[in-house]
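Here is how the chains run, residue by residue.
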Amino acid sequence: MTEDGDQPRGKTASPGSNVNAVLDPALLNRMTDGFHAYDDEWNTTYLNERARRIVSEAAGEDLATEDIVGRNIWEVVPEAVGTDIYERYHEAVETQEPLEFETYYEPLGLWLEVRAFPSDSGLSVLYRDMTDEKRRMRELREREETLHAITEAIADTDCSFEERVSRLLEIGAGMLDTEYGTLSRIRDDRYVFEVVYAPDDSVAAGDEVDLSATNCERVVVTEESLALSDVGEDPDLSERAGYTDWGVSCYLGAPVRVNGSVYGTFCFYDREPRTEPFADWQVTIVELMAEWVSSALERQVVEEDLRRQNDRLEEFAAIVSHDLRNPLAVAKGQTELAAAEHDSEHLEKAARAHERMDRIISDVLTMARSGGAVEDPEPVDLSTAAPEAWATVDTAEATLDASDAPTVTADESRLLQLLENLFRNAVEHGGADVHVVVEPIPGGFAVADDGPGIPPEDREEAFEHGFSTREDGTGFGLSIVRTIAEAHGWSVSLTESESGGARFEFVDAD
């Protein structure tokens, strides 16, 4: 009976007694894996250098090979009794079946990959230290989880910008194991906390401090990321209030840029120094989050500029509609009264001029009200929309074929304006009997006619304000077409149709 109560199996000869005769000990000692052989009473018969070091660590003392060979392993390392290794070794001996398993040996904090080979005379074991590999796998999993959480936070359009930034700060603080995270804005020499993640109310959004008291000043001046595991080791920053008064002991921050200038910083900090430096991948993720914040802020600036521009356009449209059309209506009325009393060529010219002014005003209003980006597009069937737009245009004997027209995602009202202008252009330049086709193309749709077309040298200029080949044309028709297309995110190009007429292609329409 062995000391631990197991009945010895088979012969008393040691399975490791002939190891030296079979394998060169020098070769075994060069192995990075541990090799350990036991007899049927759990006495060590052989172990290589790697196994000796692991057993010594487990025993808590530096043991020589001769201190281990010949002794019961459970006496050498009593802390191993009852562990997973103990249970699995005994299972292999009892079943006489080889075992391969991974296990965590808690006393040493080691992950081991173990292969146990039993025999009637004992057990031979190969084990590989997987601790570093497990750590790398854990880090990769944590990075993947962090990136997934960041992606979800950024993609959540139901949340406001501030809410998404707050979520990013929370994710970053968890990744870095810091207490605080902030998005700041620099105003002159002041540091303004715009969004804050904190465990307490020591700092809140809207608070301001002197920029010179912070670590962020260096980020702003250098326009580069700054990573400090121990602020106290920096001779400059350790003298600032951020360290001496507020206790900021470790710091990682990246610049936030808007339109090429530093807006502020995206940073994390803690009141305890770190024992290890920030990892390169952690710095990279913080920089990526700062880049997203920069892009989002730039979009806000662009959207605000567009809102102001649209407000000015609406104001302009109101002026055009009221302040120009009213006196024009009076002029038209007076001209008609004068024409009724006097038959004059001059009055006819004045009436035609008034009509042209009225068309110009209508086109300018359309331009002003069609340039804003389409915000809520919906599927529109062009085979239905095209005839509807055709019916609003004086098409004389012209014909339309939209039977194969596709469905596009658009603002229906503005799409009808686009089609009306194209159809009017086709009739005015192609003749009363022109034939127009609306058809699908890869990535969009096309509108083509069999008129005389537009010369290649004039095709780019055709979309400019004021371009017209007719004396009574306003020159706004195709400009309006391009404006509406761009508002949808489409590109428009002018080519020649199969019959030699004009062909307008709109790409990136869904």
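It should be noted that the structure appears before, not after, this text.
Every value quoted in this text rests on a predicted model; they were computed, and no experiment measured them.

Visitor: Help me understand the sheet that holds strand β13 (residues 399-401), please; the structure alone is not making it clear to me.
Guide: Within a sheet, each strand pairs with its neighbour through backbone hydrogen bonds, oriented either parallel or antiparallel. Across the sheet, 5 strands lie side by side as β13-β15-β16-β18-β17; this open sheet has mixed pairing. Looking at which strands have only one partner, the edges of the open sheet turn out to be β13 and β17 (491-496). Sheet twist, expressed as the average angle between the axes of neighbouring strands with direction ignored, equals 15°. Two strands pair when backbone bridges link them, and strand β15 (residues 435-441) and strand β16 (residues 444-449) are joined in this way by 6 bridges, in the antiparallel orientation. The partner of V437 across the bridge, within β16, is A448. Contacts from helix α13 (residues 382-390) reach β13, β15 and β16 within the one sheet, and its direction differs from that of β13 by about 165°. Sheet strands in contact with helix α14 (residues 412-430) are β13, β15, β16 and β18 (502-507), and its direction is about 25° off that of β16.

Visitor: Where do I start with the pattern of salt bridges in this structure?
Guide: Pairing is possible between side chains of opposite charge, provided their charged atoms come close. Tallied over the entire structure, the rule returns 24 salt bridges. Here R190 makes a salt bridge to D210, at a shortest N to O gap of 2.5 Å. Of this pair, R190 sits in strand β7 (residues 190-197) while D210 sits in strand β8 (residues 208-210), and the two are 20 residues apart along the sequence. Judged by relative accessible area, R190 falls into the partly exposed class, the value being 27%. Among the charged side chains, a salt-bridge network with shared partners connects E217, R218, D234, D236 and R240.

Visitor: I would appreciate a short explanation of the nonpolar core in the present structure.
Guide: The tendency in soluble globular proteins is for nonpolar side chains to be buried as a group. Judged by nonpolar contacts, the single largest core of 38 residues is most densely connected at L415, L418, L419, F423, W490 and F506. For this core, the elements supplying multiple residues, two or more each, are α13, β14 (407-410), α14, β15, β16, α15 (477-487), β17 and β18. The element contributing the most residues to this core is α14, with 8 residues. Residues in contact with F423, not counting those within four places in the same chain, are A386, A389, W390, V393, L400, V436, V438 and V447. In this structure, A254, V256, W292 and L297 belong to the second largest nonpolar core, which totals 32 residues.

Visitor: I tried to follow the packing of aromatic side chains on my own but got confused; where do I start?
Guide: What characterises a pair of aromatic rings is the spacing of the ring centres plus the angle enclosed by the ring planes. Tallied over the entire structure, the rule returns 16 aromatic pairs. Arranged with centres 6.0 Å apart and planes meeting at 50°, the rings of Y38 and Y89 form a pair that is tilted. Remark: Y89 occurs in helix α6 (residues 84-95) and Y38 occurs in strand β1 (residues 34-39); sequence separation between them is 51 residues. Per residue, the accessibility class of Y38 equals that of Y89, and both read buried. Measuring from centroid to centroid gives 5.1 Å for W390 and F423, while their planes differ by 70°, and the two rings are edge-to-face. One end of the pair, W390, is in helix α13; the other, F423, is in helix α14, and 33 residues separate them in sequence. Summarising the burial analysis for this pair, W390 and F423 share the class buried. Following the ring pairs from residue to residue traces out a cluster consisting of Y38, W42, W74, Y86 and Y89.

Rules of the game
- Starting from 1, residues in each chain are numbered consecutively following that chain's sequence as written.
- Restriction of local features to residues with pLDDT of at least 70 applies here, the model being predicted, together with a cutoff of 80 or more for giving and counting side-chain atom pairs; totals for whole chains, interfaces and linings are based on all residues.
- For side-chain calculations, the full set of non-hydrogen atoms in the structure is used, while hydrogens and water are omitted.
- Strands are treated as partners if at least two bridges between them are detected by DSSP.
- Each helix is a run of H or I in the DSSP string that is no shorter than four residues. Each strand is a run of E no shorter than two, and both are numbered from the N terminus.
- Angular values range over 0 to 180 degrees, each being the angle between N-to-C directions of two axes fitted as lines to C-alpha atoms, with helices fitted over their stretch in contact.
- Two residues form a contact once any of their heavy atoms are found within 4.5 Å.
- Each salt bridge in this description consists of a side-chain nitrogen of Lys or Arg and a carboxyl oxygen of Asp or Glu lying within 4 Å of one another.
- Type-normalised accessible area, obtained with a 1.4 Å probe on protein chains alone, sets the label of each residue: buried when under 20%, exposed when over 50%, and partly exposed for intermediate values.
- By convention a nonpolar core is built from buried Ala, Val, Leu, Ile, Met, Phe, Trp, Tyr and Cys residues, the set being connected through side-chain atoms within 4.5 Å.
- Pairing of aromatic rings covers Phe, Tyr and Trp, the last through its six-membered ring, and needs centres within 6.5 Å; plane angles under 30 degrees mean stacked, over 60 mean edge-to-face, and all others mean tilted.

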